[in-house]
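# Chain and residue survey
So you can see what is in the structure, the chains are spelled out below.
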Amino acid sequence: MSHRRPPPPSETPGIGGERGLAPGVVSHCGSKMVAPGDGGRFLVVFDFDETLVNESSDDAVVRTAPGQVLPDWLKASYREGQYNEQMQRVMAYLAQQGVAESAIRTEIQRIPETPGLSALLDFLQAHAEDFECVVMSDANSYFIETWLQHAGARPLFSEIFTNPAHFDPSGRLVLMPHHAHSCPYCPDNMCKRRILSDFLERRGQAGGRYQRVFYVGDGANDVCPCLVLGDADVAFTRRGFPMHRILTHKQQQQQQQQQEPPQAEGGVRASIQPWSSGQEIVEYLQKIVQER
């Protein structure tokens, strides 16, 4: 995710202790699905940018700007940890330049999927009784809903956790932060660790727990949620991307220090499975289903 907040110098995000339900907007799907978190299913969590789609949707929308570039003054206005605010300025600029909703929608729909994604989504749809799928992304609800609807994949996802977005009467796409949090390692507007922890807690309170959790991502902000995964869970890390480098580095540090992950603050307990194509994830999940 080319514009996302970089990891701290140590590249070792930690875990906070917040457990309250996040107040952010969550998008739900009304499609027919098996009761989520019924104790016998698996949870698959997807990032969006450079995980479901093969580039950053925020980069894609820039192609609607005059000359397909942003002015230098706008690019220079970014402040670390405040990318949501930066994109609010970008969307205001596009509206001032007369960029219509239809142009933005078309550009988002054109974003290519990651290699092998269709095979992965087809597999998950065919085994909907075994898997519940959700999206956790620092993009925004308009971009994600637009792309998933166009791809015909929206019914697969029971919930989408992201930054809410809507077009105002002037034609500007208004972005809002998902929630406030105190995690020092995540962007100001979103901590995916808190979102995932809250979601799992909510499912548990409803009387259902997942057998295992599979997290599919690529970026530095996908590290924090993976640090709450358990020994049986899996972090699918995209090869050549920050998530893979950071989690692998943390895991190697633990092994060198002979730390036991449950006792090591911010330790990696989940297994790390790198991927370049969704087909690799399909092959892994096929074995899980066959071994049930």
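These remarks concern the structure in this document. As the structure is a prediction and not an experimental result, all values here were calculated from the model. (Residues numbered from 1 in each chain as written. Predicted model: local features only at pLDDT ≥ 70, side-chain atom pairs only at ≥ 80, totals over all residues. Heavy atoms only, no water.)

## Some points on the pairing of strand S4 (residues 157-163)
Taking burial as the measure, the seven residues of S4 include seven buried ones, the bulk of the element. Following the backbone out of strand S3 (residues 131-140), through helix H6 (residues 141-151) and into the adjacent parallel S4, one traces a crossover that is right-handed. (Buried < 20%, exposed > 50% of the residue type's maximum accessible area, 1.4 Å probe, protein only. Helix = DSSP H or I, 4+ residues; strand = E, 2+ residues; numbered from the N terminus. Right-handed = clockwise from strand over helix to strand, strands pointing away.)

## Notes on helix H10 (residues 278-290)
Over its 13 residues, H10 runs 18 Å from end to end, which matches the ideal 18 Å to within 8%, given 1.5 Å per residue. Along H10, the positions that sit buried rather than exposed are Gly278, Ile281, Val282, Leu285 and Ile288. What you see down the axis of H10 is that its buried residues fit within an arc of 120°, all on one side. Exposed side chains of H10 directed beyond 90 degrees from the buried face belong to Lys287 and Gln290. Elements that come into contact with the buried residues of H10 comprise strand S2 (42-46), helix H5 (117-126), S3, strand S7 (213-217), strand S8 (234-238) and strand S9 (271-275). (Expected span 1.5 Å × (residues − 1). Arc of directions from axis to C-beta. Contact = heavy atoms within 4.5 Å.)

## So, the packing of aromatic side chains
The full count for this structure, using the stated rule, is 14 aromatic pairs. Ring centres of tyrosine 78 and tyrosine 83 lie 5.9 Å apart, and the angle between their planes is 70°; this geometry places the pair in the edge-to-face category. By relative accessible area, tyrosine 78 is classed as partly exposed at 26%. Measuring from ring centre to ring centre gives 5.9 Å for phenylalanine 123 and phenylalanine 131, while their planes differ by 55°; the resulting arrangement is tilted. Residue classification places phenylalanine 131 among the buried residues on the basis of a relative accessible area of 1%. Members of the aromatic cluster, connected to one another through ring pairs, are Phe42, Phe123, Phe131, Phe214, Phe236 and Tyr284. (Phe/Tyr/Trp six-rings, centres within 6.5 Å; stacked < 30°, edge-to-face > 60°.)

## Comments concerning empty space enclosed by the protein
One pass over the structure, following the stated rule, counts two cavities of 30 Å³ or more. Estimated volume of the second largest cavity: approximately 40 Å³. Forming the walls of the second largest cavity are 10 residues, and the residues nearest its centre are Asn84, Met87, Asp138, Ala139 and Leu175. Elements with a contribution of two residues or more to the lining of the second largest cavity: helix H3 (83-96) and S3. In terms of residue class, the lining of the second largest cavity is built from four nonpolar, three polar and three charged. (1 Å grid on protein atoms, 1.4 Å probe; cavity = no way out; pocket = protein on both sides within 12 Å on 5 of 7 lines; lining within 4 Å. Points joined across faces, edges and corners; volume = space filled by probe spheres on them. Nonpolar A, V, L, I, M, F, W, Y, C, P; charged D, E, K, R; others polar.)

## Observations regarding the layout of surface pockets
In this structure, the second largest pocket occupies an estimated 220 Å³ of space. Taken together, 14 residues form the lining of the second largest pocket, with Leu200, Glu201, Arg209, Val213 and Val228 sitting closest to its centre. With five residues, the top contributor of residues to the lining of the second largest pocket is helix H7 (residues 192-205). Here the lining of the second largest pocket is built from residues that sort into five nonpolar, four polar and five charged.

## Quick look at the pattern of salt bridges
Evaluated as defined, the whole model comprises 15 salt bridges. Between glutamate 55 and arginine 63 there is a salt bridge, with its nearest N and O atoms 2.8 Å apart. With a relative accessible area of 17%, glutamate 55 lands in the buried category. A salt bridge links arginine 105 to glutamate 101; the nearest nitrogen and oxygen atoms lie 3.9 Å apart. Of this pair, arginine 105 and glutamate 101 both sit in helix H4 (residues 101-109), four residues apart, which is roughly one turn of the helix. The partly exposed category is assigned to arginine 105, whose relative accessible area is 32%. For glutamate 101, a relative accessible area of 34% corresponds to the partly exposed category. Connected via shared salt-bridge partners are Glu55, Arg63, Glu107 and Arg110. (Salt bridge = Lys/Arg side-chain N within 4 Å of Asp/Glu carboxyl O.)

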